[in-house]
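Geometric and topological summary
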Amino acid sequence: MPGLHGKVIGRCSFKWLVLGIAAVTVTLNECVIYAAQSWRWPVIPRRLSKDTLHILLVADPQIQGFQDEAALLGYITRWDSDRYLATNFRLAYSYTRADVIIFLGDLIDEGSKCSDQEYEWNYRRFKSIFHSAAKHIYVTGDNDVGGEGSERKSPQKVQRFQKYFGASVAVHKVGFLDIIKPSYDLGEQYKGEKQQAIENMTEELSTRFRLLVNHHTFINRHDGTQNPVLDKLKPHFIVTAHDHTGYWYTCKDCQKQARWPIKPLTNLQGFLHFNLKDPQVLDEVAVPTCSYRMGVPHMAYGVIILDKSGNLDYTVLWLPSRFKMLMVYGIVLGTLVALWLLRTSYFACVKYPKLRR
């Protein structure tokens, strides 16, 4: 009986050890790491008056669809990606106290090719992930309406996007800021309907400052197709996405030079400071993706703080590496399986001494 009693205690102890390790691992990976990463974010200045705007920038969330994910595994991968996006978004929104949130395109990974029913499902997931009380502004990306690779852009895709996310070409007024969405693709020409749409936009520009938001880069186009748009809209600052990494362009006369040196922002920790009243300088920042599924090591949300005097501060809120968390799960699981095998072998040898010979 004493021996049996010891075996029961041993088995219970091992079970509680496994449960304890699993609970600690899950708590660290799913709660603590997210919070700990947010403690490292740059301090957002207190809002002293309504003359300051806080803008949260969401680049390339590309929520995963139903066609390119494995049938059964897709349920898990979509759930995990959605939870990662939602958890970090809640923290970023709460931290920045954003007045407006700008989604910089590529909202849905399969938005250009999925069926209408899948689009509806993806849209519902998108809204549940990025839920907030702030004003939302949505920019089209190539994954949303086509325009890259074999997925051609079409009026039908644009119309479907607009049905759910609003006009693709528009001017949004937020306080003293005009937020301009030209939806201007790489290689697109300034003519026809797009020219007319942009000329119509100029009639809506009335506030003190103009922020141009686009999925594709604007300043760094070697073909000069952006020049007529810049000349018409005359933005004070540009925000883009698409490349999944952060960078910064500055040009003093964008129409005299086609390509400008790139300044990577992969190690940005504090704020970049800009003066929008300087008419000789135009700056563009590209915001990193917020999704760990884009194949880049650094994910982030972008933040703009703009006051009525034209002082603009830009920073990024770096996010934790989900792949490292998943690696921890793999290591812990492998360790527990090894312990279980060793324990099983040990008790087998105790129960059957002949096995030790």
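What comes next is a walk through the structure. (Residues numbered from 1 in each chain as written. Predicted model: local features only at pLDDT ≥ 70, side-chain atom pairs only at ≥ 80, totals over all residues. Heavy atoms only, no water.)

Structurally, the position occupied by Glu 110 is in the loop between strand 2 (100-103) and helix 3 (116-129). Every residue in contact with Glu 110, bar those within four places of it in the chain, is listed here: Gly 65, Phe 66, Gln 67, Asp 68, Glu 69 and Asn 143. (Helix = DSSP H or I, 4+ residues; strand = E, 2+ residues; numbered from the N terminus. Contact = heavy atoms within 4.5 Å.)

Let us now look at the packing of aromatic side chains. Evaluated as defined, the whole model comprises 23 aromatic pairs. Following the ring pairs from residue to residue traces out a cluster consisting of Phe 89, Tyr 93, Phe 103, Tyr 119, Tyr 123, Phe 126, Phe 130, Tyr 138, Phe 161, Tyr 164, Phe 165 and Tyr 301. The ring of Tyr 75 carries Arg 78 above its face, with NZ or CZ at 5.4 Å from the centroid. One Lys or Arg, Lys 263, reaches over the ring of Trp 248 and ends 4.4 Å from the middle of that ring. (Phe/Tyr/Trp six-rings, centres within 6.5 Å; stacked < 30°, edge-to-face > 60°. Lys NZ or Arg CZ within 6 Å of the ring centre and 35° of its normal.)

What follows covers the pairing of strand 10 (residues 272-275). Here strand 10 shows a clear split, with Leu 272 and Phe 274 buried on one side and none of His 273 and Asn 275 buried on the other. Bridge analysis of strand 10 against strand 13 (residues 311-318) gives four bridges, and the strand direction is antiparallel. Counterpart to Leu 272 in the pairing with strand 13 is Tyr 314. (Buried < 20%, exposed > 50% of the residue type's maximum accessible area, 1.4 Å probe, protein only. Pairing = 2+ DSSP bridges.)

The biggest cluster of nonpolar side chains holds 38 residues, and the ones touching the most others in it are Phe 130, Phe 165 and Tyr 301. Contributing elements (two or more residues each) for this core: strand 1 (52-58), helix 2 (73-96), strand 2, helix 3, helix 5 (155-165) and strand 12 (300-307). (Core = buried A, V, L, I, M, F, W, Y, C linked by side-chain atoms within 4.5 Å.)

Let's shift gears to the side chain of His 244. Following the sequence through the fold, His 244 ends up in the loop between strand 7 (237-240) and strand 8 (247-251). With relative accessibility at 15%, the residue His 244 sits in the buried group. If near-sequence neighbours (up to four positions away) are discounted, His 244 is found in contact with Asp 60, Gln 62, Pro 288, Thr 289, Met 294, Val 296 and His 298.

Attention shifts here to the sheet that holds strand 1. Ordered in space as 3-2-1-12-13-10, the six strands form an open sheet in which the pairing is mixed. Edge positions in the open sheet fall to strand 3 (135-138) and strand 10, since each of these has one partner strand only. Ignoring which end each strand starts from, the neighbouring axes of this sheet average 20° apart. Sheet topology places strand 1 next to strand 12; six bridges connect them, and they run antiparallel. The partner of Ile 55 across the bridge, within strand 12, is Ile 304. (Axes fitted to C-alpha atoms, helices over the stretch in contact; angles between N-to-C directions.)

Read across the sheet, seven strands follow the order 4-5-6-7-11-8-9 without closing on themselves; strand pairing throughout is mixed. Only two strands of the sheet have a single partner each, and these edge strands are strand 4 (170-174) and strand 9 (263-264). Note that strand 8 and strand 11 (residues 282-286) share five bridges and pair antiparallel. Considered in strand 11, the bridge of Tyr 247 is made with Ala 286.

In this structure the tally under the stated criterion is 12 salt bridges. Ionic pairing is found between Asp 68 and Lys 113, a salt bridge with its closest N-O pair at 3.0 Å. With a gap of 45 residues between them, Asp 68 in the loop between strand 1 and helix 2 and Lys 113 in the loop between strand 2 and helix 3 connect regions that are remote in the sequence. We classify Asp 68 as partly exposed; its relative accessible area is 46%. Of the charged contacts in the structure, one is a salt bridge between Arg 124 and Glu 120, with a shortest N-O distance of 3.0 Å. Of the two residues, Arg 124 and Glu 120 both sit in helix 3, four residues apart, roughly one turn of that helix. (Salt bridge = Lys/Arg side-chain N within 4 Å of Asp/Glu carboxyl O.)

Okay, the pairing of strand 12 next. The buried fraction of strand 12 amounts to seven of the eight residues, a majority that puts the element mostly inside the structure. When strand 12 meets strand 13, the two strands line up antiparallel, connected through seven bridges. Along strand 13, the bridge assignment pairs Ile 304 with Tyr 314. Between the end of strand 12 and the start of strand 13, which pair antiparallel, lie three residues, with Gly 310 showing a positive phi angle near 95°.

The values are spatial; any link to function lies outside them.
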